[in-house]
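Each chain is listed here by its residues.
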Amino acid sequence: MATPIIRQVRAHTVTGGGADYHDQDDGHWIDDRIATPMAKYPAYRDSRRDFGINVLGTLVVEIETDTGVTGFAVTTGGEPAAFIVERHLARFLEGRKVTEIEAIWDQMFNATLYYGRRGLVLNAISGVDLALWDLLGQVRQEPVHAMIGGAVRDEQVFYATGARPDLAKGMGFIGGKMAWRHIEAEGAQGIREEMEILGRMRDATGPDFWLMYDCWMSMSVDYATRVARAGHELGLKWVEECLPPDDFWGYAELRRRVPQGMLVTTGEHEATRWGFRMLLEMGCCDFIQPDVGWCGGLTELLKISAIADSHGKMVVPHGSSVYSYHFVMTRQNSPFAEFLMMAPKADEVVPMFSPMLENEPVPQNGRLHISALDRPGFGVTLAPDLKLNRPYTH
Ligand SMILES: [Mg+2]
């Protein structure tokens, strides 16, 4: 059978939740008061939407073959990413075989080096790469996990990210990760208030349940060290992304300073094999958390994962629903996964990219069985009533 040829690449934007999961209505825990690098300015302290965390919106990349088969993927990046996909990246796909994933990635990355390397451009490349894997799965009628080595276990366990670890325990998750709310200028009182919450969660969940803090790039090394020491008393398992992503030296210092047994994690805003090589070689963290929709897509995540494995380090991808699940199932150094609680009060399990996708699997009792991932590609379709906007064509 002849290998299908890519006929057209299309980039759409969507607003209101979905892959840009910060784009929520009022009252959602994820846009509540959460410490950020902008929270040092009082005007941007109360909600992350105040500084524009939801300004990009969702990017949907669709790729169609000459035989009429379509693959797609969603990530963040919105309209500027749509421009990059349509006006720059599409040329490296159209007319090529659907199997040329490695060459297409290399050309997209090298052609954008002069203005890319990470951030928005890597969001766009990730979206195209994931859509290409989905397309190959549709062509071959195989799930993505089967095309990247196959599952190494029958089911995946999850921890829950959200405001209510106490409720997450009852839903079967192995741990709960809360967002840190205070900034350094609030001093010891801010840490005390957090520790009261952490203490209540510890009392509610018992001694063995994992509790973690996500600090979203908001801290200094000194403040993060104080937070880690205070949390250690209450069995805090890890402190996540305490520092700005470029402060590799600060991460290495923090890791030396935290109490023994406390894990330092980061990587959701890092990209490519070179960014993660730096994190690993400089001893910045105990495991890495790449986002497959931001780090360069699945093609790049496989390389990042191999580098981490050679350092004896785990890869626990940031969020990203099915795009992470298919990867996590295939890697021994990815033994558990993150589930973002997208219910506004973090009190029930809803699909992470809700309301964008159909057939988006969710953990049952904190677990996902491999049979939930047995459909071709990433196994999801766009919701039929989704309002797609195609701002650019080529
Ligand atoms: Mg995080």
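Residues numbered from 1 in each chain as written. Predicted model: local features only at pLDDT ≥ 70, side-chain atom pairs only at ≥ 80, totals over all residues.

**A closer look at the overall build of the protein**
Each helix and strand counted, the protein has eleven helices and 14 strands in total. With respect to the principal axes defined by its C-alpha atoms, the protein has extents near 65 × 40 × 40 Å. For the protein, the proportion of its 394 residues judged to be buried stands at 52%. At a minimum sequence separation of 6, the contacts of the protein that also span at least 24 residues come to 70%. (Helix = DSSP H or I, 4+ residues; strand = E, 2+ residues; numbered from the N terminus. Buried ≥ 20, exposed ≤ 12 C-beta atoms within 10 Å, placed from the backbone. Contact = placed C-beta atoms within 7 Å.)

**A look at the UniProt feature "domain: Mandelate racemase/muconate lactonizing enzyme C-terminal" (unreviewed entry) in the protein**
Per the UniProt record, "domain: Mandelate racemase/muconate lactonizing enzyme C-terminal" (unreviewed entry) is annotated on residues 155-261. Along residues 155-261, the helical share is 44% and the strand share 21%, with 27 Å between the first and last C-alpha atoms. (UniProt positions renumbered as here; feature names shortened; annotations may be inferred.)

**Concerning helix α7 (residues 221-232)**
With twelve residues, α7 extends 16 Å from end C-alpha to end C-alpha; this agrees with the ideal 16 Å at 1.5 Å per step. By the burial criterion, the buried members of α7 are Y223, A224, V227, A228 and G231. The buried side chains of α7 occupy one side of the element, clustering within an arc of 135° when seen end-on. Next to the buried residues of α7 lie α6 (187-205), β6 (210-214), β7 (236-240) and α8 (248-257). (Expected span 1.5 Å × (residues − 1). Arc of directions from axis to C-beta.)

**Some words on the nonpolar core**
Judged by nonpolar contacts, the single largest core of 119 residues is most densely connected at V61, V85, A224 and V239. Here this core spans two domains, since at least three of its residues come from each of domain 1 (6-20 + 56-141) and domain 2 (147-375). Beyond its immediate sequence surroundings of up to four residues, V61 is in contact with V9, A11, F72, A73, V85, G127, V128 and A131. (Core = buried A, V, L, I, M, F, W, Y, C linked by C-beta atoms within 7 Å. Domains from an automatic or database assignment.)

**With respect to the sheet that holds strand β2 (residues 58-65)**
With antiparallel pairing, three strands are arranged side by side in an open sheet as β1-β2-β3. Because the sheet does not close on itself, it has two edges, and the strands there are β1 (6-14) and β3 (70-76). Taken over all neighbouring pairs, the strand axes of this sheet differ in orientation by 15° on average, direction set aside. Here β1 runs beside β2; their pairing, made up of eight bridges, is antiparallel. The residue of β2 that forms the bridge with T13 is L59. Seen against the sheet, helix α1 (residues 78-87) touches β1, β2 and β3 and runs at an angle of roughly 170° to β1. (Pairing = 2+ DSSP bridges. Axes fitted to C-alpha atoms, helices over the stretch in contact; angles between N-to-C directions.)

**What to know about the environment of H12**
Topologically, H12 is positioned in strand β1. Looking at H12, the number of C-beta atoms within 10 Å reads 23, which means it is buried.

**A word on the UniProt feature "active site" (unreviewed entry) in the protein**
Feature annotation in UniProt places "active site" (unreviewed entry) on H318, given in this structure's numbering. For H318, a count of 26 C-beta atoms within 10 Å puts it in the buried group. Once residues lying within four places of it in the same chain are set aside, the contact partners of H318 are E268, Q289, P290, D291 and E338.

**A word on the environment of P245**
Along the polypeptide, P245 turns up in the loop between β7 and α8. C-beta crowding within 10 Å serves as the criterion here: with 19 such atoms nearby, P245 is assigned to the partly exposed category. Along the sequence, P245 and T70 sit 175 residues apart, while their C-alpha atoms lie 36 Å from each other. Excluding its chain neighbours within four sequence positions, the residues that come into contact with P245 are M217, H269 and E270.

**Topic: the packing of helix α3 (residues 119-140) against helix α10 (residues 297-310)**
At a minimum axis distance of 6 Å, the contact between α3 and α10 shows a crossing angle of 95°. By the criterion of interaxial angle, the relationship of α3 to α10 is roughly perpendicular. In this structure, α3 contributes I125, S126, D129, L130 and W133 to the contact, and α10 contributes G297, L298 and T299. Of the residues that constitute the contact of α3 with α10, the class distribution is four nonpolar, three polar and one charged. (Parallel < 35°, antiparallel > 145°, perpendicular 65-115°, else oblique. Nonpolar A, V, L, I, M, F, W, Y, C, P; charged D, E, K, R; others polar.)

**Comments concerning the packing of α1 against α3**
At their nearest, the axes of α1 and α3 sit 9 Å apart, and the two run at 60° to each other. The angle between α1 and α3 places the two elements in the oblique class. Seen from above, α1 lies across α3 with right-handed handedness. Within the contact between the two elements, α1 uses P80, A81, I84 and V85 and α3 uses L120, V121, N123, A124, G127 and V128. In terms of residue class, the contact of α1 with α3 is built from eight nonpolar, two polar and no charged. (Left-handed = near helix turned anticlockwise from the far one by under 90°.)

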